[in-house]
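# Architecture at a glance
What follows is the residue order along each chain.
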Amino acid sequence: MPDEASTPAATTPVRLLLVEDEEHLAAGLRLNLELDAFEVVVAGTGREAAEALLSPRGFAAIVLDVMLPDIDGFTLCERIRSAGNYTPVLMLTARNDPEDRVRGLEAGADDYISKPFELPELLARVRSLLRRRHWDRREEKSGGPRSVITIGDARVDFESHEVTVRGEAVKLTRLELDLLRYFVEHPGKVVSRQQLLEDVWKLHNYSTARTVDNFVSRLRRHFEPDPQNPTHILSVRGAGYKFVP
Ligand code: CA
């Protein structure tokens, strides 16, 4: 129930789902997000989060802790994505461990922040996720870069996240779409794995290329008629990848 201190109903508040079982932390985050004019629903378990996500009103973003009592945040994120829900997810990882971050991003998270974090940074990350979402929409409205493209037999709508290959719907995670978009925006150019990690994953000083290769393989399975002999996302020996529209 809104109380007298609530923001006047001039605009509908942006609704966030905060999935965090540490009550003290959840209460502090909720208070600060509410002071920032967000409407916050707190879920203390994966199960509560799944129930909240059934709400027809939906959420503008999800702040998702990795360590939950009933399910880990990675698995929950994968389930959210495989259910076709592409709400931006900011993951709270327990430590500054690149493997954890990569795991979160592979599970379909959009960004991550390591605990302990400074509150202003968390707020900035949440706003950045929401801006990115709006940016996608504005691009469409302003007739900016085309958000629907075709690659061979595939049609990709970067705004609605709808992907069809030979007429069949295919689900891509946000990060898979980001990687694909990056390739589409750099046609014919050789891009290194390191560059992809920095520009798409926002990972700096992270040296393994395996993650990039895994994602490229996934994209090839969808977009290459013969994934073993790719014609769109080409490997360039010793250099990286090259996208050929
Ligand atoms: Ca926790």
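The paragraphs below set out a description of the structure included in this document. (Residues numbered from 1 in each chain as written. Predicted model: local features only at pLDDT ≥ 70, side-chain atom pairs only at ≥ 80, totals over all residues. Heavy atoms only, no water.)

### Observations regarding the environment of Ala-61
- Among the secondary structure elements, Ala-61 is positioned in strand E3 (residues 61-65).
- Owing to a relative accessible area of 2%, Ala-61 belongs among the buried residues under this scheme.
- Sequence spacing of Ala-61 and Pro-88 is 27 residues, and the spatial spacing of their C-alpha atoms is 4.9 Å.
- When near neighbours in sequence (up to four residues on either side) are disregarded, Ala-61 contacts Arg-15, Leu-16, Leu-17, Thr-87, Pro-88 and Leu-130. (Helix = DSSP H or I, 4+ residues; strand = E, 2+ residues; numbered from the N terminus. Buried < 20%, exposed > 50% of the residue type's maximum accessible area, 1.4 Å probe, protein only. Contact = heavy atoms within 4.5 Å.)

### Brief notes about unusual backbone geometry
- Following Lys-115, the chain continues to Pro-116 via a peptide bond in cis, the omega torsion being -5 degrees.
- Relative to the helices and strands, Pro-116 resides in the loop between strand E5 (111-114) and helix H5 (119-141).
- Here the phi dihedral of Ala-37 falls at roughly 75 degrees; this positive angle occurs in a residue that is not glycine.
- At Arg-166, a position not held by glycine, the phi torsion is positive, near 45 degrees.
- A relative accessible area of 55% means that Arg-166 is categorised as exposed.

### Focus: the sheet that holds strand E12 (residues 240-243)
- The three strands are arranged E10-E12-E11 in an open sheet whose pairing can be described as antiparallel. Of all the strands in the sheet, just strand E10 (190-191) and strand E11 (233-236) have a single pairing partner and so form its edges.
- Of the pairings in the sheet, the one linking E10 to E12 comprises two bridges and is antiparallel in character. Looking across to E12, one finds that Val-191 is bridged to Tyr-241.
- The strands touched by helix H6 (residues 174-185) are E10, E11 and E12; relative to E12, the strand with the most contacts, the crossing angle is about 70 degrees.
- Across the sheet, helix H8 (residues 210-223) is in contact with E11 and E12; its angle to E11 comes to roughly 145 degrees. (Pairing = 2+ DSSP bridges. Axes fitted to C-alpha atoms, helices over the stretch in contact; angles between N-to-C directions.)

### Regarding the packing of aromatic side chains
- Evaluation of the coordinates by the stated rule reveals two aromatic pairs.
- Seen in terms of ring centroids, Phe-183 and Tyr-241 are 6.4 Å apart; in terms of plane orientation they differ by 80 degrees. Their pairing is edge-to-face. Taken together, the residues span a long stretch of sequence, with Phe-183 in helix H6 and Tyr-241 in strand E12 at a distance of 58 residues.
- Using a relative accessible area of 1% as the deciding quantity, one classes Phe-183 as buried.
- Between the aromatic rings of Phe-183 and Phe-243, the centroid separation amounts to 6.4 Å while the plane-to-plane angle is 25 degrees, which identifies the pairing as stacked. (Phe/Tyr/Trp six-rings, centres within 6.5 Å; stacked < 30°, edge-to-face > 60°.)

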